[in-house]
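Examination of the molecular architecture
Each chain, written out:
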Amino acid sequence: MSTLLLADKEDLEVMGAVKRSNKHTIAKANGGSVKKQKVAEKLPSPESESEPESVSEESSGEELSDSSEDDLDDIPVDGKDEEDELDQLDDVKEDKDADEESDDMDEDASDEKVVDPNKKSSKEQHAEQRKLLSERKLQRKSGIEVQRIKSLWEKLRVNKPTPPKEVRDKLCNEIWELSKDVIYDLVLKHDASRVVQTLIKYSSKERRDLIVKSLKGNYYQLATSSYGKYLLVKLLHYGSKDSRNLIINELHGKLRKLMRHREGAYVVEDLYVLYSTSEQRQQMIREFWGAEYAVFRDSGKDKTVLEIVHESSEKKQLIMTNLVGTITATVEKGSTGFQILHAAMREYTTILKDDIEKNDKQIREFIELLTEQFAELVHTPEGSEVACSLIAMANAKERKLIIRTLKNHANELIKNENGNIVLITLFMTVDDTVLLHKSFSTELLTDDLVPELIKDKFSRRPLLYLLKGLDGRYFSPLIKKELHKYEELAYKKTSKKPQEQRRAELSSKALPLMYQSILSTTKSENPDKSFDKLLSVNIAAQFITELILTSTDVAEVNDTLRPELINEIFEISVKGDVLEDFHLINKVPFISRSLKALIQGNEFKWDNDTKKLISTSNSKIPGVGVEFAVKVVDEVLSSNKLKDWTSGQGAFVIVACFEVLQLSNENDKTKELGKALKKIRKDLSDDADNKGAQLLLKLIK
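Residues numbered from 1 in each chain as written. Predicted model: local features only at pLDDT ≥ 70, side-chain atom pairs only at ≥ 80, totals over all residues. Heavy atoms only, no water.

Let us look at the overall build of the chain. Along its length, the chain carries 41 helices and four strands. Here the chain, with 701 residues, has 45% of them falling under the buried criterion. Considering only intrachain contacts with a sequence separation of at least 6, the fraction spanning at least 24 residues in the chain is 69%. Carbon and sulfur atoms form 48% of the exposed surface of the chain, whose accessible area is close to 37600 Å². (Helix = DSSP H or I, 4+ residues; strand = E, 2+ residues; numbered from the N terminus. Buried < 20%, exposed > 50% of the residue type's maximum accessible area, 1.4 Å probe, protein only. Contact = heavy atoms within 4.5 Å. Areas by Shrake-Rupley, 256 points an atom, 1.4 Å probe, with all protein chains shown as cover.)

What follows is the structure, given as structure tokens:
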């Protein structure tokens with residue numbers, strides 16, 4: 001029995017050596033090393049009723065070496081897997097010589113590097129992979145047709161040089177013949193879809209209509225496909241009116257589902273913004289009201305959402321639930337920037353505004369939902385309306401959070417056609433003018449930004465509001481009506497401070513920054529950012545004139561900044577040789593209007609009824625009005641340039657000076673100018689085509 005056990009132990013030790021050898025070989029192949037496995041304790045072999053089979057002493061290590069680990073794993077030892085027993089015996093032996101054996105194995109492996117002579121090079125492997133890929137593509141559905149179509153497409157899409165129309169027509173015909181029976185298989189593949197897109201681009205209207213009809217019934221699948229959506233947009237772009245109607249009608253009832261789809265949302269957005277008529281847009285929005293309006297296309301047609309919700313409280317509750325459900329789901333997916341979603345938000349906001357007391361809870365929840373996404377609303381007309389309405393209905397705390405969100409986007413906000421209306425609404429509704437100034441005025445009214453802002457017709461509007469309020473010269477009746485609606489809504493709930501007081505507080509803080517930013521251009525070494533260049537832009541010159549003519553109690557403006565700016569304008573537009581082409585009067589004809597406005601100041605204005613200049617009761621502004629008129633006349637007469645000034649646009653400046661001096665009872669200066677004009681009466685008479693010269697003749701009679 002002892003002999004048998006000894007034999008068993010010896011053979012098992014041999015098997016352990018074989019296993020260790022296999023472990024080392026595998027570890028070296030993986031670039032690693034064999035780690036010791038520690039056994040917590042050595043378990044004794046339990047006695048068994050049946051004795052294990054004898055293992056012959058003549059069993060050689062060579063025979064065991066030829067057997068695999070899988071074969072060894074199948075041999076039971078004392079009721080346990082042999083792998084467990086082998087691990088125990090291996091650990092006993094490893095305590096003695098595992099480190100020495102590992103070092104020896106590492107040295108042998110590093111000394112002998114076996115190179116497989118049958119191993120293929122990287123280039124050969126890549127060629128084989130490409131060949132295999134090509135074979136797989138051919139085995140796919142319509143694979144052969146796709147390969148032939150793609151070879152033709154490579155010729156069709158060439159732009160340099162552009163193929164002749166006859167060649168392109170021929171290629172289009174060949175591609176169509178190959179693809180017309182498998183068109184749906186093509187449009188869902190990333191490469192073949194591009195082929196069909198090119199075919200649509202260069203095909204005739206009739207063939208485009210055929211493609212649209214051949215895909216009928218599959219437009220929802222195309223809209224939700226990563227590659228098919230591009231083809232669908234191409235069909236909408238190049239397709240006829242009938243083709244678009246077919247696509248829109250097929251997608252009717254599925255828009256809410258598509259808006260929640262990653263790919264489909266972009267198709268719906270393009271469909272709404274670019275390719276739908278006004279009636280179709282209304283139809284698309286009605287789908288968001290609920291299932292009834294999604295199934296029945298004409299349900300609710302020609303009715304506003306308020307007219308529908310006033311019909312019954314059940315309809316109101318259903319529509320509000322459906323709208324806020326779709327909006328919430330889309331916002332949570334991060335898709336807040338879509339214009340069609342903004343249109344749905346506008347419908348919901350319209351219902352909320354209808355009764356702000358009754359809908360107070362829903363208003364608070366909706367503002368909380370959109371506070372972090374406000375910057376994504378303001379770039380569309382619908383989104384801007386939603387943002388303005390929510391600002392007006394928000395309480396003081398909510399407005400602070402909204403301002404914090406928009407502060408980081410102030411530059412984009414003021415430059416956007418719709419975003420600047422949101423900024424004006426903030427100026428008109430938020431009582432905390434200190435917060436508004438810190439959040440927007442200090443961010444926007446900088447030396448780098450102001451010269452750019454006043455040259456843009458949209459971005460200058462919030463600044464003009466601070467100067468002149470909702471002046472009809474700069475705000476259309478429609479915009480004024482909308483802004484007054486938001487103002488009225490704000491005073492119902494939160495705003496308390498009088499409007500003019502709020503604007504005066506904002507203006508007094510902003511004026512010094514505006515002056516400083518504009519004056520910084522007078523010191524600019526960059527010709528493109530010089531004061532001369534700024535005055536050469538009509539709307540910028542107009543803004544600078546309005547800035548000077550804005551009265552204020554700010555001492556810094558009255559004592560330093562305004563006189564400095566007036567002097568810069570005088571130096572650049574009055575002094576110098578007025579006959580030279582580079583003089584601002586000749587270079588920029590509209591500068592004469594700015595000079596005329598500064599000459600009249602706040603003291604005089606043109607009366608359309610009497611067609612005459614009349615005096616006003618407005619307070620005088622230092623540096624302009626009569627004071628500026630006298631300064632201009634003195635410069636013109638002292639330099640003996642009166643004749644030059646009356647020969648072009650400058651004549652209107654002299655007319656303004658004469659009228660202002662006449663009305664202001666500046667008799668000495670009026671007489672002096674009159675005498676000088678009478679000396680050049682003949683020149684004025686000869687210049688019959690100059691309207692300004694003819695006006696001067698009437699004044700001195």
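Next, the rest of the story.
Following both chains from N to C, one finds helix α26 (residues 433-444) and helix α30 (residues 499-519) inclined at 35°, their axes separated by 10 Å at the closest point. Classified by chirality, the crossing of α30 by α26 is right-handed. Contact residues: Thr-433, Val-434, Leu-436, His-437, Ser-441 and Thr-442 in α26; Arg-502, Glu-505, Leu-506, Lys-509, Ala-510 and Leu-513 in α30. (Axes fitted to C-alpha atoms, helices over the stretch in contact; angles between N-to-C directions. Left-handed = near helix turned anticlockwise from the far one by under 90°.)

Looking now at the pattern of salt bridges. Evaluation of the coordinates by the stated rule reveals 28 salt bridges. Between Glu-154 and Arg-157 there is a salt bridge; the shortest N-O distance is 3.2 Å. Taken together, the shared-partner salt bridges connect Glu-357, Asp-360, Arg-364, Glu-398 and Lys-493 into one network. (Salt bridge = Lys/Arg side-chain N within 4 Å of Asp/Glu carboxyl O.)

When you line up the elements, Thr-330 lands in helix α19 (residues 313-332). In contact with Thr-330, not counting residues within four places along its chain, are Met-259, Ser-335 and Leu-341.

Attention shifts here to the packing of aromatic side chains. With the rule as written, the count across this model stands at four aromatic pairs. The ring centre of Trp-153 lies 4.4 Å from the NZ or CZ of Arg-157, which sits over that ring. Taking NZ or CZ as reference, Arg-168 lies 3.9 Å from the ring centre of Tyr-202, over its face. (Phe/Tyr/Trp six-rings, centres within 6.5 Å; stacked < 30°, edge-to-face > 60°. Lys NZ or Arg CZ within 6 Å of the ring centre and 35° of its normal.)

Our focus in this paragraph is the nonpolar core. For soluble globular proteins, the rule of thumb is that nonpolar side chains tend to be buried together. Among the nonpolar cores identified, the biggest contains 178 residues, and Phe-440, Ile-518 and Ile-544 are the most heavily contacted of them. Looking at which domains feed residues into this core, each of domain 1 (129-251) and domain 2 (612-700) supplies at least three. With residues near it in sequence (within four places) discarded, Phe-440 still touches Ile-403, Leu-406, Lys-407, Ala-410, Leu-413, Leu-423 and Leu-426. (Core = buried A, V, L, I, M, F, W, Y, C linked by side-chain atoms within 4.5 Å. Domains from an automatic or database assignment.)

Where like charges cluster on the molecular surface, the positive patch consists of Lys-671, Lys-675, Lys-678, Lys-679, Arg-681, Lys-691, Lys-698 and Lys-701. If you list the elements that add at least two residues to the positive patch, you get α39 (667-679) and α41 (691-699). Top element by residues in the positive patch is α39. It accounts for four residues. With respect to the secondary-structure elements, Lys-675 resides in helix α39. Classification of Lys-675 by relative accessible area gives exposed; the value is 60%. (Patch = residues over 30% accessible without salt bridge, like charges linked within 9 Å, V, L, I, M, F, W, Y side chains within 5 Å. Lys, Arg positive; Asp, Glu negative; His and termini not counted. Charge placed at Lys NZ, Arg CZ, Asp CG, Glu CD.)

Turning our eyes to something else, we now look at the side chain of Ser-573. If you trace the backbone, Ser-573 turns up in helix α33 (residues 555-573). The contacts of Ser-573, once residues within four sequence positions are left out, are His-583, Leu-584, Ile-585, Ile-591, Leu-595 and Trp-645.

Confidence in the prediction for the chain averages 81 pLDDT; 80% of positions are at 70 or higher. Residue range residues 1-98 is modelled with pLDDT below 50. Its contacts to residues more than four positions away, or to other chains, number 70 contacts. Predicted confidence for residues 104-113 stays below pLDDT 50, and this span has four contacts to residues more than four positions away or in other chains. (pLDDT = per-residue confidence, 0-100.)

This brings us to helix α28 (residues 461-468). Here α28 lies mainly inside the structure; seven of its eight residues are buried. All buried positions along α28 are accounted for by Arg-461, Pro-462, Leu-463, Leu-464, Tyr-465, Leu-466 and Leu-467. Looking at the packing, one finds that the buried side of α28 touches α24 (410-415), α25 (419-429), α27 (450-453), α29 (477-493), α30 and α32 (538-548). Where α28 ends, the next residue or the one after it, Gly-469, has phi of about 70°, a positive value.

Those residues carrying the UniProt feature "repeat: Pumilio" (unreviewed entry) are residues 177-213, 214-249 and 250-286 in this numbering. Secondary structure across residues 214-249 comprises 72% helix and 0% strand; the distance between its end C-alpha atoms is 16 Å. The span residues 250-286 is 73% helical and 0% strand by assignment, and the distance between its end C-alpha atoms comes to 16 Å. (UniProt positions renumbered as here; feature names shortened; annotations may be inferred.)

This next bit is on the environment of Leu-463. Of note, Leu-463 is situated in helix α28. Judged by relative accessible area, which is 4%, Leu-463 ranks as buried. Excluding its chain neighbours within four sequence positions, the residues that come into contact with Leu-463 are Ile-414, Leu-445, Leu-453, Ile-454, Met-514 and Phe-543.

In this model, helix α7 (residues 165-179) (15 residues) spans 21 Å end to end at C-alpha, consistent with the 21 Å of a helix rising 1.5 Å per residue. Among all positions in α7, only Arg-168, Leu-171, Cys-172, Ile-175, Trp-176 and Ser-179 are buried. Angular distribution of buried residues about the axis of α7 spans 135°; they occupy a single face of the element. Along α7, exposed side chains directed more than 90 degrees from the buried face belong to Glu-166 and Lys-170. (Expected span 1.5 Å × (residues − 1). Arc of directions from axis to C-beta.)

Looking at chain direction, strand β3 (residues 604-607) and strand β4 (residues 612-615) are connected through four bridges and run antiparallel. Counterpart to Lys-605 in the pairing with β4 is Ile-614. Here β3 folds back onto β4 in antiparallel fashion, the turn holding four residues, of which Lys-611 has a positive phi close to 60°. (Pairing = 2+ DSSP bridges.)

A few words on the layout of surface pockets. Its volume calculated, the second largest pocket comes out at about 800 Å³. Forming the walls of the second largest pocket are 26 residues, and the residues nearest its centre are Arg-473, Arg-593, Lys-596, Ala-597 and Gln-600. Of the residues belonging to the lining of the second largest pocket, the class tally is nine nonpolar, ten polar and seven charged. (1 Å grid on protein atoms, 1.4 Å probe; cavity = no way out; pocket = protein on both sides within 12 Å on 5 of 7 lines; lining within 4 Å. Points joined across faces, edges and corners; volume = space filled by probe spheres on them. Nonpolar A, V, L, I, M, F, W, Y, C, P; charged D, E, K, R; others polar.)

It is worth spelling out unusual backbone geometry at this point. One non-glycine residue, Asp-302, lies in positive phi territory at about 65°. For Asp-302, the location among the structural elements is in the loop between α17 (291-295) and α18 (305-309). The exposure class of Asp-302 is exposed, given its relative accessible area of 72%. Unusually for a residue other than glycine, Lys-611 sits at a positive phi of about 60°. Structurally, Lys-611 is set in the loop between β3 and β4. Judged by relative accessible area, Lys-611 falls into the exposed class, the value being 54%.

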